[in-house]
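Close look at the chain arrangement
For reference, the chains in residue letters:
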Amino acid sequence: MPSTTRRAVQEQRTEQEPAPGTRPDWQRRSRRRLLADRITVGTLAVYVGGLLVLLVLVPTVAMLFEPDGEAWSGLAEPRVAQAAKNTVVIGVASTLSATVVGFLFAYALSRPDIRGRAVLRVMALLPLISPPFVVGLAVLLLFGRRDQRLVTHELLGLDVSLLGLGGLWLVQTLAFFPMATLTLLPTLKNIGSTLEWASRDLGWTWFQTFRRVTLPLAFPTILNALLLVGMFVITDFGNPVLIGAGYQVLSVEAYVQAVGRQDFGMAAVLCVLLFVPTLVLFLIQRRVLARRSAVTVSGKTGSLPPAPLPATVRRGLLAVLGMVSVLMILIYGSILVGSFTRAWGADWSLTLDHWQTALLRGDDIRNSALFSATAAIITTISTLVAAYVVHRTKVVGRGVMDGLAVLPSAIPGTMIGISWLLTFNEAPLALTGTALILVLVMVVRAIPVGYRTAVTTINQISPSIDEAATDLGASRARVIVQIMFPLLGGAFTTSLVFGFLHAINTLSAVIFLTSPGIGLGAPTIVNLAEFGQWGAATGVAAGLMVVSFAGLAVAKLALGSRLRLYDL
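Residues numbered from 1 in each chain as written. Predicted model: local features only at pLDDT ≥ 70, side-chain atom pairs only at ≥ 80, totals over all residues. Heavy atoms only, no water.

1. Let's talk about the overall build of the chain
How we decide: The secondary structure listing takes helices from DSSP runs of H or I that are at least 4 residues long and strands from runs of E that are at least 2 residues long, numbered from the N terminus. Each residue gets one of three labels from its accessible area relative to the maximum for its type: buried under 20%, exposed over 50%, partly exposed in between, using a 1.4 Å probe on protein chains only. Note on contacts: a residue pair qualifies if any of its non-hydrogen atoms lie within 4.5 Å across the two residues. Residue-level accessible areas treat just the shown protein chains as cover; the underlying method is Shrake-Rupley with a 1.4 Å probe.
A count of helices and strands for the chain gives 24 helices and two strands. The buried share of the chain, taken over its 568 residues, is 50%. Across the chain, the fraction of contacts at a sequence separation of at least 24, relative to all contacts at a separation of at least 6, is 80%. Element-wise, carbon and sulfur atoms account for 64% of the exposed surface of the chain, whose accessible area totals about 26300 Å².

The following block contains the structure:
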């Protein structure tokens, strides 16, 4: 090679090689991107961790340390012992009956040969969309006090009332059976028809197939439904307040201690006492879900349709569910009729006065809609970010974040309301009396479901997708915004709509935090009912339900088939 050519090649290499002590451009870009990714992940982790610690952990710990020795000695009072006993009795009774009714609805909805499934689907959806305590208000009008009870007194001429244990058992059964239906239906749909036909070929009757095939395969989900319904029943507040009468339960007794007697120490003791069984149920449920094998319900279902039910079974199932449906129609119909009736039980002439009252209380309904929509947006974004941080990064404390994200489902609403009243009443966290505290408590109540939805969806997305994008040079922020969030669209819409419906119907947590200038629809309904203003209560209840259904209708029109809120 000529010397001139050799010299040119050496000069070119010298120009391409970095100077001593420097790095190539691609290495500098890689380091900058790595630093930017760490900042992005760290920022998201700080946001999620800070939100959960401030809104979940701090109030819960504050509640646990609020009672002193004198307050704890109040557990020996007969009133507290009776409330605890009543809570256990109604909790067991309502949980069992609601789960049984929910199973029957789910079983009927999973069978193509059952007629009227569209009606059954609507009956199972109504309590999920409307406030649960609306059922209690309606039963109070139909079967309650002498001057209100339409069915027992006016129509049947009976001098009986369902106030107390019997009425509360009925109301909680009707209010919470959809939770069991929603939990059980996917499992009952996925039990393969091949197994049913095989059992028929063996000469088994329908009952033998049901007992030896259907129930064993569905048992883990039935147990999960029992635990889920039990948590809702034990922490129920609105229905015991409306129709419990002298049948006191722990959630109502804590409310009486905090609001009526201003004894927050004793109220905290009762909340902790109520928190223990719900936490136990919550931990058992998580263990059941973790250990449940999908093999029993994920096998090939085959092309065969499910085996038809015997005529007697079909007629019996329709008879039971028909009676429940008629009762549900009476309940929601009474709310509508009551909102147009001048004086329930005394003057049945039509009037718009109660709707005018609802319009006068329009600020409360408007606040409910506005705060709920804001809370739904915050909840959705926060839960998607939390699911990504916990399941797609390796930041320290992911397990703690995961636990705190689902913990609010085990905390009674009464405990959340009182703990927030104690925690955020003084500087530097003084939020009591503001709209912000109402929005944030709605966020906390809706976080568990939104987080579980996001986790389920993100676990279905292969990590290789975002890893491939990273290998191609995409930053972590770009992967999140342009890849992960679009793929989480289903979880986004579900969390957004469910968060709105859950927030607008929240009662036990917000009733302690509302102020005279900032009211909400749900506490207003209960307050009006407690003072005997039944027409006004039904008017506001009907108005709140209209807003809920309108929000769901708008979401359905905007999102179409992408919205799968309740798979019924």
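2. Focus: unusual backbone geometry
Positioned with a positive phi, Gln262 is a non-glycine residue whose angle comes to about 55 degrees. Here Gln262 is to be found in the loop between helix H12 (250-260) and helix H13 (264-291). Residue Gln262 is classed as exposed on the basis of its relative accessible area of 51%.

3. Examining the packing of helix H18 (residues 413-423) against helix H19 (residues 435-458)
Test applied: The axes are straight lines fitted to the C-alpha atoms, using for helices just the contacting stretch, and the angles between their N-to-C directions are given from 0 to 180°. The crossing is said to be left-handed when, going from far helix to near helix, the turn is anticlockwise and less than a right angle, and right-handed when the turn is clockwise.
Where H18 contacts H19, the axes come no closer than 11 Å and their chain directions differ by 145 degrees. The handedness of the crossing between H18 and H19 comes out as right-handed. Taking contact as the criterion, the partners of Gly413, Ile416 and Trp420 in H18 are, on H19, Ile437, Leu440, Val441, Val444 and Arg445.

4. Focus: the environment of Val53
With respect to the helices and strands, Val53 occurs in helix H2 (residues 25-64). The class for Val53 is partly exposed, based on a relative accessible area of 36%. Sequence separation between Val53 and Ala405 is 352 residues; the distance between their C-alpha atoms is 9.7 Å.

5. Comments concerning the confidence of the model for the chain
Our working definition: Scored from 0 to 100, pLDDT reflects the predictor's confidence in each residue.
Averaged over every residue, the pLDDT of the chain is 82; residues scoring 70 or more account for 87%. This stretch, residues 293-301, has a pLDDT under 50; its non-local contacts, to residues over four places away or in other chains, come to nine contacts.

6. Some thoughts on the side chain of Thr209
Looking at the element boundaries, Thr209 is found in helix H10 (residues 206-234). Excluding anything up to four places from it in sequence, Thr209 contacts Glu196, Ser199, Trp204 and Thr214.

7. What to know about the nonpolar core
It is characteristic of soluble globular proteins that their nonpolar side chains tend to be buried jointly. Keep this limit in mind: The nonpolar core is taken to be a set of buried Ala, Val, Leu, Ile, Met, Phe, Trp, Tyr and Cys residues, with the residues joined through side-chain atoms within 4.5 Å.
Among the nonpolar cores identified, the biggest contains 169 residues, and Phe105, Leu137, Ile331 and Trp420 are the most heavily contacted of them. Examining the composition of this core, we find that 13 residues originate from one element, H19, more than from any other. Leaving out residues up to four positions away in the same chain, Phe105 has contacts with Leu120, Met123, Ala124, Phe177, Thr181, Leu321, Val324 and Ser325.

8. Examining the packing of helix H4 (residues 78-109) against helix H5 (residues 117-129)
The following threshold applies: Residues are grouped as follows: Ala, Val, Leu, Ile, Met, Phe, Trp, Tyr, Cys and Pro are nonpolar; Asp, Glu, Lys and Arg are charged; all remaining types, including Gly, are polar.
It is at 10 Å that the axes of H4 and H5 come closest, and there the two elements cross at 145 degrees. In the crossing of H4 with H5, the sense of the turn from one axis to the other is left-handed. Contacts between H4 and H5 involve Phe105, Ala108 and Leu109 from the former and Arg117, Leu120, Arg121, Met123 and Ala124 from the latter. Among the residues forming the contact of H4 with H5, the class breakdown is six nonpolar, no polar and two charged.

9. Observations concerning the packing of aromatic side chains
Keep this limit in mind: By convention, a stacked pair of Phe, Tyr or Trp rings (six-membered ring in the case of Trp) has centres within 6.5 Å and planes under 30 degrees apart, an edge-to-face pair has planes over 60 apart, and any other such pair is tilted. Remark: a charge is flagged as sitting over a ring if the NZ atom of Lys or the CZ atom of Arg is within 6 Å of the ring centre and within 35 degrees of the ring normal.
A complete count under the given rule lists nine aromatic pairs for this structure. The interplanar angle of 65 degrees and the centroid separation of 5.6 Å between the aromatic rings of Tyr255 and Phe512 together place this pair among those described as edge-to-face. Residue Tyr255 is found in helix H12, and its partner Phe512 is found in the loop between helix H22 (489-504) and helix H23 (521-530); the two are separated by 257 residues along the sequence. Take Tyr255: its relative accessible area is 15%, and that puts it in the buried class. An aromatic cluster of at least three residues, connected via ring pairs, comprises Phe103, Tyr107, Trp206 and Phe210. Here the basic side chain of Arg212 rests over the ring of Trp204, its NZ or CZ set 4.7 Å away from the ring centre.

10. Some remarks on a negative patch on the surface
Test applied: Patch membership requires more than 30% relative accessible area and the absence of a salt bridge. Residues of like charge join within 9 Å; the nonpolar side chains Val, Leu, Ile, Met, Phe, Trp and Tyr join within 5 Å. What makes a salt bridge here is a side-chain nitrogen of Lys or Arg within 4 Å of a carboxyl oxygen of Asp or Glu, nothing more. Counted as positive: Lys and Arg. Counted as negative: Asp and Glu. His and the chain ends are not counted at all. By convention, the point assigned to a charge is CZ for Arg, NZ for Lys, CD for Glu and CG for Asp.
Negative charge collects at one region of the surface, where Glu66, Asp68, Glu70, Glu77 and Asp263 lie side by side. Asp263 gets classed as partly exposed once you look at its relative accessible area, which sits at 33%.

11. Section: the pattern of salt bridges
Inspection of every chain in the model, using the stated rule, returns four salt bridges. Residue Glu253 pairs with Arg79 through a salt bridge whose shortest N-O separation is 2.5 Å. One end of the pair, Glu253, is in helix H12; the other, Arg79, is in helix H4, with 174 residues separating them in the sequence. Look at Glu253 and you get buried, because its relative accessible area is 0%. One salt bridge connects Asp363 with Arg366, and the closest N-O pair in it is separated by 3.6 Å. Placement of both Asp363 and Arg366 in helix H16 (residues 362-392) is noted, with a separation of three residues, approximately one turn of the helix.

12. Describing the environment of Gly539
Among the structural elements, Gly539 can be located in helix H24 (residues 534-559). Given a relative accessible area of 0%, Gly539 falls into the buried group. The spatial distance from the C-alpha of Gly539 to the C-alpha of Arg361 is 9.7 Å, given a sequence separation of 178 residues. Ignoring any residue separated from it by four or fewer positions in sequence, one finds Gly539 in contact with Ser339, His354 and Ala358.

13. A short note on the environment of Leu174
Of note, Leu174 is situated in helix H8 (residues 165-190). With a relative accessible area of 4%, Leu174 lands in the buried category.

14. Things to note about the side chain of Thr414
In this fold, Thr414 is placed in helix H18. When its relative accessible area of 0% is taken as the criterion, Thr414 is described as buried.

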